[in-house]
Amino acid sequence: MKKINLAVIGAALAPAMAFAQEGAAHAAAPATGSAYWAAGICMGLAAAVVGFSQSRAAVAALEGISRNPSATKNIQTPLILSLALMESLVLFAFVVAFNLAGK
Amino acid sequence: MSAEGHHGFKLWSLLHNSYLDHHDHVAAAGTAAILLASAGVAYAVTAPKLSKATTNDTDFIPSPKLGLRNTFELIGEFVQGMARDIIGHHYQPYLPILIFIFMWTLLNNMLGMFPGFGSATDNLNTTLAMGLFVYLYYNFQGFKAHGFKYMEHFTGHLHGTLLLVLGPVMFVIELVSHSVRPITLGIRLRSNIYGDHTIYGIMANLFKDLGEFLGHKFGPVGTAIGAVFAGLGPVPIVILGLLVCVIQAFVFMLLTTIYIGMATAHEEH
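Our subject in this report is the structure included herewith.

Cut-offs used in this document
Residues numbered from 1 in each chain as written. Chains lettered and ligands numbered in written order. Predicted model: local features only at pLDDT ≥ 70, side-chain atom pairs only at ≥ 80, totals over all residues. Heavy atoms only, no water. Helix = DSSP H or I, 4+ residues; strand = E, 2+ residues; numbered from the N terminus. Buried < 20%, exposed > 50% of the residue type's maximum accessible area, 1.4 Å probe, protein only. Areas by Shrake-Rupley, 256 points an atom, 1.4 Å probe, with all protein chains shown as cover. Core = buried A, V, L, I, M, F, W, Y, C linked by side-chain atoms within 4.5 Å. Contact = heavy atoms within 4.5 Å. Phe/Tyr/Trp six-rings, centres within 6.5 Å; stacked < 30°, edge-to-face > 60°. Lys NZ or Arg CZ within 6 Å of the ring centre and 35° of its normal. Expected span 1.5 Å × (residues − 1).

1. Some words on the overall build of chain A
Right, on to step 1. Along its length, chain A carries 3 helices and 0 strands.
Right, on to step 2. The linear arrangement of helices and strands in chain A, starting from the amino end, is α-α-α.
Right, on to step 3. Considering chain A as a whole, with its 103 residues, one finds that 23% of them fall into the buried category.
Right, on to step 4. Carbon and sulfur atoms form 70% of the exposed surface of chain A, whose accessible area is close to 7100 Å².

2. What about the nonpolar core?
Right, on to step 1. Ranked by size, the top nonpolar core spans 48 residues in total, and within it B:Phe102 and B:Tyr138 carry the most contacts.
Right, on to step 2. Where this core is concerned, the elements lending two or more residues are helix 3 (72-100) of chain A together with helix 2 (24-46), helix 3 (68-87), helix 4 (95-111), helix 5 (124-146), helix 6 (161-232) and helix 7 (235-263) of chain B.
Right, on to step 3. The biggest single contributor to this core is helix 7 of chain B, with 11 residues.
Right, on to step 4. Apart from residues no more than four positions distant in its own chain, B:Phe102 is found in contact with B:Ile75, B:Val79, B:Ala249, B:Phe250 and B:Met253.

3. Some remarks on the environment of B:Gly81
Right, on to step 1. Along the chain, B:Gly81 falls in helix 3.
Right, on to step 2. Along the primary structure B:Gly81 and B:Val251 are separated by 170 residues, whereas in three dimensions their C-alpha atoms are 15 Å apart.

4. Considerations on the packing of aromatic side chains
Residues and elements named next belong to chain B.
Right, on to step 1. For the structure shown, the criterion picks out 10 aromatic pairs over all chains.
Right, on to step 2. Ring plane angle 85 degrees and centroid distance 6.0 Å describe the contact between Tyr135 and Tyr138, whose orientation is recorded as edge-to-face. Of this pair, Tyr135 and Tyr138 both sit in helix 5, 3 residues apart, which is roughly one turn of that helix.
Right, on to step 3. Residue Tyr135 is classed as buried on the basis of its relative accessible area, which comes to 2%.
Right, on to step 4. Here Tyr138 and Tyr259 contribute two aromatic rings whose centre-to-centre distance is 5.4 Å and whose plane-to-plane angle is 40 degrees, an arrangement assigned as tilted. Residue Tyr138 is found in helix 5, and its partner Tyr259 is found in helix 7; the two are separated by 121 residues along the sequence.
Right, on to step 5. Taking the relative accessible area as the measure of exposure, Tyr138 reaches 1% and is therefore buried.
Right, on to step 6. Members of the aromatic cluster, joined through ring pairs, are Phe143, Tyr150, Phe154 and Phe171.
Right, on to step 7. The ring of Tyr194 is capped by Arg190, whose NZ or CZ atom sits 4.3 Å from the centre of that ring.

5. Some words on helix 4 of chain B
Residues and elements named next belong to chain B.
Right, on to step 1. Taking 1.5 Å of rise per residue, 17 residues should cover 24 Å, and helix 4 covers 24 Å from first to last C-alpha, within 8% of that figure.
Right, on to step 2. Most of helix 4 is tucked away, with 12 of its 17 residues classed as buried.
Right, on to step 3. Of all the positions in helix 4, only Leu95, Leu98, Ile101, Phe102, Met103, Trp104, Thr105, Leu106, Leu107, Asn108, Asn109 and Leu111 are classed as buried.

Given below as structure tokens:
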């Protein structure tokens with residue numbers, strides 16, 4: 001039983017190693033003119049959409065807290081989690097913009 | 001400033017080790033590890049030896065002042081409440097690693113806010129390694145809790161004909177969504193901390209330049225006003241920076257807890 005567990009654990013490691021190798025082959029191309037446009041539009045669009053989404057989450061959380069102040073602890077953790085998950089999407093866009101045209 | 005990377009003064013430049021000078025994140029991780037290990041040693045030395053003969057009541061009551069032991073108890077209680085809510089009643093074996101992940105991430109994030117130190121977590125090497133560790137850990141715990149049946153999590157708990165038809169598709173989708181988790185964990189933490197520390201450095205430099213400009217233009221009065229600006233101006237940014245440090249450590253620990261909870265879920269209770 002233990003040997004089978006080790007084998008399936010090894011199978012679960014494979015995708016992580018594939019992604020690690022992909023990250024190593026990362027070449028930086030020189031920034032042309034259109035890359036600056038792309039970076040600016042990417043970052044601006046991401047910030048606008050994520051700002052709207054986070055405001056919706058915050059509105060729902062604040063309304064919930066105002067209706068039921070004793071539920072603040074229950075609302076706080078999912079709110080922070082949702083905000084962080086949306087924040088991570090705009091940070092991915094930032095990484096893309098940085099790679100396109102940024103020093 | 002500490003956020004400028006190669007331009008700021010680093011504490012480990014006093015060691016004159018060329019590897020550490022070129023790899024700031026290794027030295028930063030080393031300082032965080034040394035600090036945590038020192039806290040552990042300090043506790044081991046000063047903690048009361050728990051035996052029936054020598055234990056007083058005051059050994060169990062927390063002291064009213066904020067000390068080293070109180071800080072760790074605060075963090076441990078917070079993480080324990082979170083683990084109990086998310087993982088369930090079998091949260092106990094996973095608690096030490098969760099508390100360590102929170103302490104380690106928090107300490108590394110905070111170290112970058114002080115001059116002379118740096119954050120190990122503003123480098124993709126550190127955060128991807130942390131993400132990979134979490135990925136290996138929760139999959140290992142899933143296999144340990146369920147055995148080979150853990151693979152059912154990847155097929156969406158289908159049985160019979162549906163398993164034959166939709167099983168491979170579900171398996172590939174679930175495998176991809178699981179495998180992207182260490183990457184998102186690493187990139188999220190790194191981007192937040194790197195961006196936050198960079199903005200802190202830039203704003204601090206801007207205020208410093210404003211102070212210098214005022215001193216240049218208006219003489220001694222300008223220097224005084226400029227010093228006030230340069231001193232108090234970055235305060236909101238420092239508060240925002242500390243908030244980002246705490247929130248990112250909390251989110252990393254929370255996501256780890258959720259992944260462990262999903263991997264070791266016992267439906268029969």
